[in-house]
Amino acid sequence: MTLDEILAAAPVIPVLVIEDVAHAVPLGRALVAGGLPVLEVTFRTPVASACIEAMIAEVEGAIVGAGTVLDGAMRQAAADLGCEFCVSPGLIEGERVEGPVPLLPGVATATELMAGLAAGFERFKLFPANVAGGPAALKAFHSPFPQARFCPTGGVSAANAAEYLALSNVICVGGSWVAPPEAVRAGDWDRITRLAREAAALAQRPAG
Ligand code: 3PG
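Residues numbered from 1 in each chain as written. Predicted model: local features only at pLDDT ≥ 70, side-chain atom pairs only at ≥ 80, totals over all residues.

Per an unreviewed UniProt entry, the chain goes by the name 2-dehydro-3-deoxy-phosphogluconate aldolase and belongs to Phenylobacterium soli. Under the UniProt heading Catalytic activity (unreviewed entry), the note attached to the chain is "2-dehydro-3-deoxy-6-phospho-D-gluconate = D-glyceraldehyde 3-phosphate + pyruvate". (UniProt positions renumbered as here; feature names shortened; annotations may be inferred.)

Structure, rendered in structure tokens:
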């Protein structure tokens, strides 16, 4: 799948920090069952790679990516695991749009956006979205950078996701609210499916 197809597959990309590999498959299935097939598994725990492998192997319909990719070696590791995309919180020096797996780099300012565009990227994570200016920043970016489209992440929730998704330069949003840590620890997969279903019902524009 192209990055645009992945970003357009659902209005919300769950950002997952998985502590126990045993949670990976039921968590992934719960989210996919609720209508959120695109899963970002962050490289923030020792079991992240094992979780990615398990989800790719066992969660039917999942589009699995790696998050918190901080350098080119981690992008390569995501590709080697079989991820379909990866996400970084910022620009990675030396990384271009061409690479072993599609990369969604984070930006927070116009200067970073310009550096990202110069590296060939046109799809960005606005991060941390609520701190980096929120919907107002995205509106302001639209006129000088009409080719750029965003997945705002960081402080996005059920309460404000629709405001982001209504913007013409937003394809989808990312967030952890659909997989609350206490629900994951408790194995409350039904609650996670309910949260995913609500998130999946949010209106989404075509990637264009
Ligand atoms: C992340 O951890 O990459 C995202 O910022 C998730 O942010 P959230 O927990 O505010 O949704």
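Chemist: Is there a simple way to explain the site of the ligand in this structure?
Modeler: Around the ligand, the neighbouring residues are Val15, Gly67, Pro128, Thr153, Gly154, Gly155, Val156, Gly175, Ser176 and Trp177. When grouped by side-chain class, the residues that make up the shell around the ligand number four nonpolar, six polar and no charged. (Near = placed C-beta within 6 Å. Nonpolar A, V, L, I, M, F, W, Y, C, P; charged D, E, K, R; others polar.)

Chemist: Just to check I follow, could you spell out unusual backbone geometry for this structure?
Modeler: Excluding glycine, residues mostly have negative phi values, and the peptide bonds linking residues are mostly trans. Cis geometry is found at the peptide bond from Phe127 to Pro128, where omega equals -15°. Unlike most non-glycine residues, Thr68 shows phi in positive territory, near 55°. Here Thr68 is to be found in the loop between strand S3 (63-67) and helix H4 (72-81). (Helix = DSSP H or I, 4+ residues; strand = E, 2+ residues; numbered from the N terminus.)

Chemist: I'm lost on the sheet that holds strand S8 (residues 149-150) in this one. Help?
Modeler: Strands belonging to one sheet form pairs held by backbone hydrogen bonds; the direction of such a pair is parallel or antiparallel. Read from one edge of the open sheet, three strands run S6-S7-S8, paired in parallel fashion. At either end of the open sheet lies a strand with only one pairing partner, and these are strand S6 (106-107) and S8. Of the pairings in the sheet, the one linking strand S7 (residues 123-126) to S8 comprises two bridges and is parallel in character. Note that in S8 the partner of Arg123 across the bridge is Arg149. (Pairing = 2+ DSSP bridges.)

Chemist: In this structure, what is going on with the pairing of S7? I would like to understand it.
Modeler: Two faces belong to every sheet, and in a regular strand the side chains alternate between them. The two faces of S7 match: Arg123 and Lys125 on one face and Phe124 and Leu126 on the other face are all buried. Bridge count for S6 against S7 is two bridges, and the pairing is parallel. Considered in S7, the bridge of Val107 is made with Leu126. Traced from S6 through helix H5 (residues 110-118) to S7, the parallel crossover comes out right-handed. Chirality of the crossover, the property in question, places the unit of S7, helix H6 (residues 134-142) and S8 among those that are right-handed. (Buried ≥ 20, exposed ≤ 12 C-beta atoms within 10 Å, placed from the backbone. Right-handed = clockwise from strand over helix to strand, strands pointing away.)

Chemist: Sorry if this is basic, but what is going on with the pairing of strand S2 (residues 38-42) here?
Modeler: Buried residues dominate S2, accounting for four of its five residues. The pairing of strand S1 (residues 12-16) with S2 spans two bridges and is parallel. Counted as the bridge partner of Val15 is Glu40 from S2. For the handedness criterion, the β-α-β arrangement of S1, helix H2 (residues 21-33) and S2 is classed as right-handed.

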